[in-house]
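Secondary and tertiary structure notes
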Amino acid sequence: MKIGILALQGAFEEHGHMLDQLGVEHFEIRKKDDLKQDFHGMILPGGESTVMGKLLLELDLFESIQTKINNGLPVLGTCAGLILLAKQVKEGKPHLATMDINVQRNAYGRQLGSFNTQGMFDHLGTVPMTFIRAPYIESVSGNAKVLATVDEHIVAARQENQCVVAFHPELTQDTRVHEYFLRMI
Ligand code: GLN
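Everything in this summary refers to the structure shown in the same document. Bear in mind the structure is a predicted one, so any value in this text is a computation, not a measurement.

Rules used throughout
- Residues numbered from 1 in each chain as written.
- Predicted model: local features only at pLDDT ≥ 70, side-chain atom pairs only at ≥ 80, totals over all residues.
- Heavy atoms only, no water.
- Helix = DSSP H or I, 4+ residues; strand = E, 2+ residues; numbered from the N terminus.
- Rg over C-alpha atoms; globule rule 2.2 N^0.38 Å.
- Buried < 20%, exposed > 50% of the residue type's maximum accessible area, 1.4 Å probe, protein only.
- Contact = heavy atoms within 4.5 Å.
- Lys, Arg positive; Asp, Glu negative; His and termini not counted.
- Charge placed at Lys NZ, Arg CZ, Asp CG, Glu CD.
- Arc of directions from axis to C-beta.
- Near = heavy atom within 4 Å.
- Polar contact = N/O pair within 3.5 Å; in protein donor to acceptor, adjacent residues only side chain to side chain.
- Nonpolar A, V, L, I, M, F, W, Y, C, P; charged D, E, K, R; others polar.
- Pairing = 2+ DSSP bridges.

1. Section: the overall build of the chain
Along its length, the chain carries 5 helices and 12 strands. Relative to a compact globule of 185 residues, whose C-alpha radius of gyration would be 16 Å, the chain shows 15 Å and is just as compact. By principal-axis analysis of the C-alpha atoms, the chain measures approximately 40 × 35 × 30 Å. For the chain, buried positions account for 55% of its 185 residues. Of the contacts formed within the chain by residues at least 6 apart in sequence, a portion of 62% connects residues at least 24 apart. Here the chain carries 17 positive and 22 negative side-chain charges, and the mean point of each set is 4 Å from the other.

2. Notes on helix α3 (residues 62-70)
Residues of α3 that are buried: F62, I65 and I69. Here the buried residues of α3 occupy an arc of 80° about the axis, which is enough to place them on one side. Away from the buried face of α3 by more than 90 degrees, exposed residues E63 and N70 are located. Looking at the buried positions of α3, the neighbouring elements they touch are β1 (2-6), β3 (41-44), α2 (49-58), β4 (75-78), α4 (80-85) and β12 (162-165). Backbone geometry just after α3 places G72 at a positive phi near 110°.

3. With respect to the site of the ligand
Taken together, G46, G47, E48, S49, C79, A80, I83, R105, N106, I132, R133 and H168 make up the full set of residues adjacent to the ligand. Here G47 contributes a backbone N or O atom positioned 2.9 Å from an oxygen atom of the ligand. At 2.6 Å from an oxygen atom of the ligand is found a side-chain nitrogen or oxygen belonging to R105. A class-by-class count of the residues in the shell around the ligand yields 4 nonpolar, 5 polar and 3 charged.

4. Some points on helix α1 (residues 13-21)
By the burial criterion, the buried members of α1 are H15, G16, M18 and L19. Taken end-on, α1 shows its buried residues confined to a sector of 160°, consistent with a single buried face. Buried-residue contacts for α1 involve β1, β2 (25-29), β3, β4 and α5 (176-183). With its phi angle positive at about 70°, G23 sits one or two positions after the end of α1.

5. Some thoughts on the pairing of β12
Of the two faces of β12, the one lined by Q162 and V164 and the one lined by C163 and V165 are each fully buried. Both β4 and β12 contribute to a ladder of 4 bridges, which runs parallel. Bridging across to β12, V75 finds its partner in Q162. In terms of strand pairing, strand β11 (residues 153-159) meets β12 through 4 bridges, oriented antiparallel. For R158, the partnering residue across the bridge sits in β12 and is C163. Between the antiparallel neighbours β11 and β12 lie 2 residues, among them E160 with a positive phi of about 45°.

6. A closer look at the environment of L61
Among the structural elements, L61 can be located in the loop between α2 and α3. With relative accessibility at 0%, the residue L61 sits in the buried group. Considering only alpha carbons, one finds L61 and R30, 31 residues apart in sequence, at a separation of 8.6 Å. Non-local contacts of L61, meaning those with residues more than four positions away in its chain, are made with L6, L8, I29, R30, K31, K32, L35 and L56.

7. Examining the environment of D20
Assignment of secondary structure puts D20 in helix α1. A relative accessible area of 48% means that D20 is categorised as partly exposed.

Below is the structure:
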């Protein structure tokens, strides 16, 4: 199994470390040629969704990635990656728009923007959750399902081949969210 990690900006290296721990092969997606190889899943990391959206267009990666996801490539979007996948973005514009979630950017405000907590994640039990200027999901529609909530806000969801989390599992020692994604493949 081989995973492509979008490496234009943000916290992509840490996802690589997680996959190393799990013994899973991975590579960085920085340019269009990188998409030529065979791979089985993709991670869209945290960072700044506006910058990543812009770079995806400038580097001519946008359409190819959007098509791959729409054709069923399993994808894990964390934080800014979640925003990139949302069809509706409050306080921002939709980017890849492949997932039926309605997202609020910087939803916790500036002061409360970064915090650590724990929450139930689908059938995994309680997982550590690190939020950094995080979004949350205001609502899901279509066949998108809620996987986790914190203080009544949706912080993780899944729709078929797409899994998104508003927090940063790659910044914890807990590999279960990544393993959950790998099981989707
Ligand atoms: N606030 C960022 C955005 O809007 C997301 C923050 C993050 O990825 N840690 O893209």
